[in-house]
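Given next are the chains, with one letter for each unit.
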Amino acid sequence: MNDLNLNQIEREGDSFNSKVSDFGLSRVVSDNTYYKSESGMIPFKWSSIESCLYGKFTSKSDVWSFGVVLWEICSNGKEPFSGFTNTEVVKKIEKGERLKKPNGCNEDHFKIMNECWKENPQERPSFKDLYQRFELNCDKSNTLNSSKPLNEKDEDNKERYYQ
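Small disclaimer: the values here were computed from a predicted structure and weren't measured.

Undergrad: Before we go on, may I ask you to explain the overall build of the protein in this structure?
TA: For the protein, the helix and strand inventory stands at seven helices and four strands. Its helices and strands in sequence order give the protein the pattern β-β-β-β-α-α-α-α-α-α-α, from N to C terminus. Partitioning the intrachain contacts of the protein with sequence separation of at least 6 by distance along the chain shows that 50% fall at a separation of at least 24.

Below is the structure:
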């Protein structure tokens, strides 16, 4: 999937379970949200630098998009880089600029977002790493702790997290 954004998250009833779906052309998008390339539509405001510049989409570029989705959630659904054109967004990202911390967003959430937006894809967390951090920290304190890997004590519960 090279198109991950908040409008693709569907919540299951009253639970906290969510599904990610690609609704394709069934949603209405503004003209400046996507750019038509030979390979398809590129959602610049949600895309990694390597996706914007080279059309390269990997799980690490999806992690970048996931960071933008977190930003959307923490900003109560605001559009990322609202008011900027695709060209302006790419220039900002190339210069190392990232989305600003939303009002009311806690530091741990914002730290995870910034890790998702690292320029070098190999420095971004994997989805497995993100899952561990969300699952373990939500279980322990109902808040995100940005850099807590599994330890020996947690190894006993490892299978529970990777089914």
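Undergrad: Before we go on, may I ask you to explain the nonpolar core in this structure?
TA: Among the nonpolar cores identified, the biggest contains 19 residues, and Val68, Ile93, Leu99, Met113, Cys116 and Trp117 are the most heavily contacted of them. Mapped onto this core, the elements with two or more residues apiece are helix 2 (59-74), helix 3 (86-94) and helix 4 (107-116). Of the residues forming this core, the biggest block, six residues, is contributed by helix 2. With near-sequence residues (within four places) excluded, Trp117 lies in contact with Trp64, Gly67, Val68, Trp71, Arg98, Leu99 and Phe110.

Undergrad: Is there a simple way to think about the confidence of the model for the protein in this case?
TA: Fine structural detail should not be taken from predicted coordinates in areas where pLDDT scores are low. With 60% of its residues at a pLDDT of 70 or more, the protein shows a mean pLDDT of 75. Between residues 23-37, whose pLDDT stays under 50, and residues either more than four places distant or in other chains, the model counts 32 contacts. A low-confidence stretch, residues 143-163 stays under pLDDT 50, and its non-local contacts, those more than four residues away or across chains, total 40 contacts.

Undergrad: Please explain unusual backbone geometry as it appears in this structure.
TA: Peptide bonds are mostly trans, and most non-glycine residues show a negative phi. Of note in the backbone geometry, Asn76 takes a positive phi value of approximately 60° without being a glycine. Tracing the sequence through the fold places Asn76 in the loop between helix 2 and helix 3. With a relative accessible area of 73%, Asn76 lands in the exposed category. Even without being a glycine, Phe81 presents a positive backbone phi close to 55°.

Undergrad: What is the right way to look at the packing of aromatic side chains in this model?
TA: The geometry of an aromatic ring pair is captured by two quantities: the separation of the ring centres and the angle between the planes. This structure, assessed with the given rule, holds one aromatic pair. Each ring, one from Phe66 and one from Phe127, has its centre 5.8 Å from the other, and the planes form 75°; the classification is edge-to-face. Separated by 61 residues along the polypeptide, Phe66 in helix 2 and Phe127 in helix 5 (residues 127-141) bring together distant segments of the chain. A relative accessible area of 35% means that Phe127 is categorised as partly exposed.

Undergrad: I tried to follow the pattern of salt bridges on my own but got confused; where do I start?
TA: Once their charged atoms are close, side chains differing in charge can pair, the charge on each being opposite to the other. Counted by the stated rule, this structure contains five salt bridges. The partner of Arg124 in a salt bridge is Glu50, with the nearest N and O atoms 2.8 Å apart. Of the two residues, Arg124 is situated in the loop between helix 4 and helix 5 and Glu50 in helix 1 (residues 49-54); the sequence distance between them amounts to 74 residues. Neither residue differs from the other here; Arg124 and Glu50 are each classed as buried. One salt bridge connects Glu97 with Lys92, and the closest N-O pair in it is separated by 3.0 Å.

The rules we used
Residues numbered from 1 in each chain as written. Predicted model: local features only at pLDDT ≥ 70, side-chain atom pairs only at ≥ 80, totals over all residues. Heavy atoms only, no water. Helix = DSSP H or I, 4+ residues; strand = E, 2+ residues; numbered from the N terminus. Contact = heavy atoms within 4.5 Å. Core = buried A, V, L, I, M, F, W, Y, C linked by side-chain atoms within 4.5 Å. Buried < 20%, exposed > 50% of the residue type's maximum accessible area, 1.4 Å probe, protein only. pLDDT = per-residue confidence, 0-100. Phe/Tyr/Trp six-rings, centres within 6.5 Å; stacked < 30°, edge-to-face > 60°. Salt bridge = Lys/Arg side-chain N within 4 Å of Asp/Glu carboxyl O.

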